[in-house]
Amino acid sequence: MNQRLSTAVPYLIAVVILVALPLVLQSYYLSVATMILIFGLFAMSLNVIFGHTGLNSLGHAAFFGTAGYVTGIAIVTYGVKSFWTSAPLGILGAAVTAAIFGIIALRVSGVYFLLVTFALGQLLWTVAEKWNSVTMGRSGFVGIPAPDLGLSFLDLESPVGFYYFVFVVFSVCYYLMARLHRSPFGYALQGIRERESRMRALGYNVWLYKYIAYIVAAVFAGMGGILYAHFNGSIAPSHVGFSTSALGMLMVILGGAGVLWGPVLGAALIILLQGFASLLVPARWPLILGALFVIGVMGFRGGIGLHMVKTVRRVFSRGSNQG
Amino acid sequence: MEAIRVEGLYKSFGGVVATSNVSFKVDVGGRLVIIGPNGAGKSTLFNLLNGQLPLDSGKVFLFGEDVTHLPLHKRAHRGMARSFQLTSLFPELTVMDNMMLALHGLRKSRFNPFRRTGSYSTLRDKGKDLLSLFDLWSKRDEQIKMISYGEQRKLEIALCLASNPRLLLLDEPSAGLTTSERQVVMEMIRNLPPDIAVIIVDHDMDLVFGLANRIIVLHFGQIIAEGTPEEIQAHPKVKEVYMGIEEGNGNA
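Since we're looking at a predicted model, the values are computed, not measured. (Residues numbered from 1 in each chain as written. Chains lettered and ligands numbered in written order. Predicted model: local features only at pLDDT ≥ 70, side-chain atom pairs only at ≥ 80, totals over all residues.)

1. Focus: the overall build of chain A
Okay, step 1: If you tally the helices and strands in chain A, you get 14 helices and 2 strands.
Okay, step 2: The C-alpha atoms of chain A give 20 Å as radius of gyration, which agrees with the globular expectation for 323 residues (20 Å, within 12%).
Okay, step 3: Across its three principal axes, chain A shows a C-alpha extent of roughly 65 × 50 × 40 Å.
Okay, step 4: The proportion of buried residues among the 323 residues of chain A is 47%.
Okay, step 5: Within chain A, contacts between residues at least 6 apart in sequence are counted, and of these 75% link residues at least 24 apart. (Helix = DSSP H or I, 4+ residues; strand = E, 2+ residues; numbered from the N terminus. Rg over C-alpha atoms; globule rule 2.2 N^0.38 Å. Buried ≥ 20, exposed ≤ 12 C-beta atoms within 10 Å, placed from the backbone. Contact = placed C-beta atoms within 7 Å.)

2. Comments concerning the overall build of chain B
Okay, step 1: Looking only at helices and strands, chain B has 9 helices and 10 strands in total.
Okay, step 2: Relative to its length of 252 residues, chain B is compact, with a C-alpha radius of gyration of 18 Å against a globular reference of 18 Å.
Okay, step 3: Based on the C-alpha atoms only, the size of chain B along its principal axes is roughly 55 × 40 × 35 Å.
Okay, step 4: For chain B, the share of sequence-separated contacts (at least 6 apart) that also reach a separation of at least 24 residues comes to 66%.

3. Structural notes on the interface of chain A and chain B
Okay, step 1: Contacts between chain A and chain B engage 21 residues on the former and 29 residues on the latter.
Okay, step 2: Broken down by secondary-structure element, the contributors of at least two residues to the side of chain A that touches chain B are α7 (159-182), α8 (184-194) and α9 (196-201) of chain A.
Okay, step 3: Top element by residues in the side of chain A that touches chain B is α8(A). It accounts for 8 residues.
Okay, step 4: Across the side of chain A that touches chain B, the residue classes break down as 8 nonpolar, 7 polar and 6 charged. (Nonpolar A, V, L, I, M, F, W, Y, C, P; charged D, E, K, R; others polar.)

4. Considerations on the packing of helix α3 (residues 61-76) of chain A against helix α11 (residues 242-255) of chain A
Residues and elements named next belong to chain A.
Okay, step 1: Direction vectors running N to C along α3 and α11 enclose 125°, while the axes themselves pass 8 Å from each other. Classified by the angle between their axes, α3 and α11 sit oblique to one another. In the packing of α3 onto α11, the handedness of the crossing is right-handed. Residue-level contacts link Ala61, Phe64 and Gly65 of α3 to Thr244, Ser245 and Gly248 of α11. (Axes fitted to C-alpha atoms, helices over the stretch in contact; angles between N-to-C directions. Parallel < 35°, antiparallel > 145°, perpendicular 65-115°, else oblique. Left-handed = near helix turned anticlockwise from the far one by under 90°.)

5. Details of the sheet that holds strand β8 (residues 197-201) of chain B
Residue and element names in this part refer to chain B.
Okay, step 1: Strand order across the open sheet formed by 6 strands is β6-β7-β8-β3-β9-β10, with mixed pairing between neighbours. With partners counted over all chains shown, the strands left at the sheet margins are β6 (80-82) and β10 (222-227), one partner each. Mean inter-strand twist for the sheet, computed between neighbouring axes without regard to direction, equals 15°.
Okay, step 2: Here strand β9 (residues 214-219) runs beside β10; their pairing, made up of 5 bridges, is antiparallel. Paired with Ile216 across the strands is Glu226, a residue of β10. (Pairing = 2+ DSSP bridges.)

6. As for the domain arrangement of chain B
Residue and element names in this part refer to chain B.
Okay, step 1: Domain boundaries in chain B define domain 1 (1-79 + 165-252) and domain 2 (89-164).
Okay, step 2: Look at where the C-alpha atoms of domain 1 and domain 2 centre, and you get two points 26 Å apart.
Okay, step 3: When residues of the side of domain 1 that touches domain 2 are traced back to their parent elements, those giving at least two are α2 (72-77), β7 (167-171) and α6 (179-190).
Okay, step 4: Per element, the largest residue contribution to the side of domain 1 that touches domain 2 is 3 residues, and it comes from α6.
Okay, step 5: Here the side of domain 1 that touches domain 2 is built from residues that sort into 8 nonpolar, 3 polar and 1 charged. (Domains from an automatic or database assignment.)

7. Quick look at the pairing of β7(B)
Residues and elements named next belong to chain B.
Okay, step 1: Here β7 lies mainly inside the structure; 5 of its 5 residues are buried.
Okay, step 2: Neither face of β7 is exposed, since Leu167, Leu169 and Asp171 on one face and Leu168 and Leu170 on the opposite face are all buried.
Okay, step 3: Sheet analysis places β6 next to β7, joined by 3 bridges and oriented parallel. Residue pairing for β7: Arg82 is matched across the bridge by Leu169.
Okay, step 4: For the crossover from β7 across α6 to β8, the handedness is right-handed. (Right-handed = clockwise from strand over helix to strand, strands pointing away.)

8. So, the packing of α11(A) against helix α13 (residues 285-299) of chain A
Residue and element names in this part refer to chain A.
Okay, step 1: Orientation of α11 relative to α13, taken along the N-to-C sense of each, is 35°, at an axis distance of 9 Å. Every pair of crossing elements has a handedness; the one defined by α11 and α13 is left-handed. Across the interface between the two elements, Leu250, Ile253 and Leu254 of α11 pack against Phe293, Gly296 and Val297 of α13.
Okay, step 2: For the contact of α11 with α13, a count of residues per class yields 5 nonpolar, 1 polar and no charged.

9. Side note on helix α4 (residues 121-133) of chain B
All names here are of chain B.
Okay, step 1: An ideal rise of 1.5 Å per residue puts 18 Å on 13 residues; α4 measures up with 18 Å between its terminal C-alpha atoms.
Okay, step 2: All buried positions along α4 are accounted for by Leu123, Gly127, Leu130 and Leu131. For α4, the angular spread of the buried residues around the axis is 95°, confining them to a single face. Facing away from the buried side of α4, by more than 90 degrees, are the exposed residues Ser121, Thr122, Asp125 and Asp129. (Expected span 1.5 Å × (residues − 1). Arc of directions from axis to C-beta.)

Encoded structure:
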């Protein structure tokens, strides 16, 4: 009971803060908070394969962007009004892409997996940039409206309404991924990360697990991409390609792959800093990001989230009899 | 009834022959021990039996079924379990988590993405029994990297038993154990249900002659002798290539 309580309390505090944010934040900062939740979701989805399964993907934005494009094209080009149709289409787009990419990429492992996923992501990036008639080309696909949930009392055009919408989607996805992590399936992924050969000897079809995990991660990334497309009103080739994939990876590494909320923390840090940098020294953002990454990797191995957990445990164990 | 039968196993690594013309069978209830000097190809043979390495030629039958081309995990589902010479656990996970992974391995529940892995109470009870049997229950919440080598070796074997195997392959189960731990492991193997077939690779002569009802001697990847423990002890070729090295230890 006590242990349950001690894990529940931080989550309750986080929920209270996130619910109360619109009361204290101006709309610009609320949009930053919305961004953090969207990219937190994206980074968490990457962590399903990166941190839990040990597959280093550098093409994860392919699913984020594909879902964004599919949902945008469905709404704008084909006039699909309802979110309940456009979003599943976007998720389907991400899942199908992952189902195809997975067959190719999972033939190799380690750094080769990284390279193949990178190449596949760049392939999609080229498609997004060159296929003008469908994707509107280099400048990105624009004109994506706020999601239409068919609930008239919700105003998703307002920053506050949209923030709460993203918060709900984020929370549901977070909960599902948390359940996944502690489930037999989730433990199997961790077992695969640690020792593939033993998992096979224990009766696990390792390839199938990786393949399913890859698609599951793509579905959550796709959900993030759909939110982003609605949030921004547009989606661009860069959201499919390397820069977004790498950003997701930085978020995971900086925040901590070993802690469930680590990637969300990483997303918060990077997006907050990016926000401040764009106000103060816009041209220097890549430099700051680079320095941040070096400091994070050198000084906080395992991620800042892990160091926070360790510090909190140290403080609390001092007061209890566990020593 | 035969548990496993292999015919004409052959494996080479870039021209170096690791296993050549190996054929044998083990019946249900059999206790086969494979011995041989270092580099005789014992571990390679195990890897061929459980499918970790592909065969160059030969056939493997498991309970009468040709499994030569079946992958590792499917052989596990047909009742084959295997321990590893080099401890092969999940170092970042706890002892209990390791056990739960082994317990879920052959069950449909292994695909469940929603339920807590520890909430399967029958599996938990079974895990508790197994861990208690090896004196590991008190260490259940320790990460693998925090427990001793001997404890890791015991868990290595405990994980194999989690699946209720019908054929158990133990790769040097006594390696690195203290004398008393060795006794525990020997007792455990002796107490295995009689309908399980066991194949053991080991160097410890007490264990070899204490448990085996048949012994195979490997030398340079080939079987140079096969028989009951008494026959092997009397075998002149065995004395020459194997017992000679371990002078005086050959008498169990």
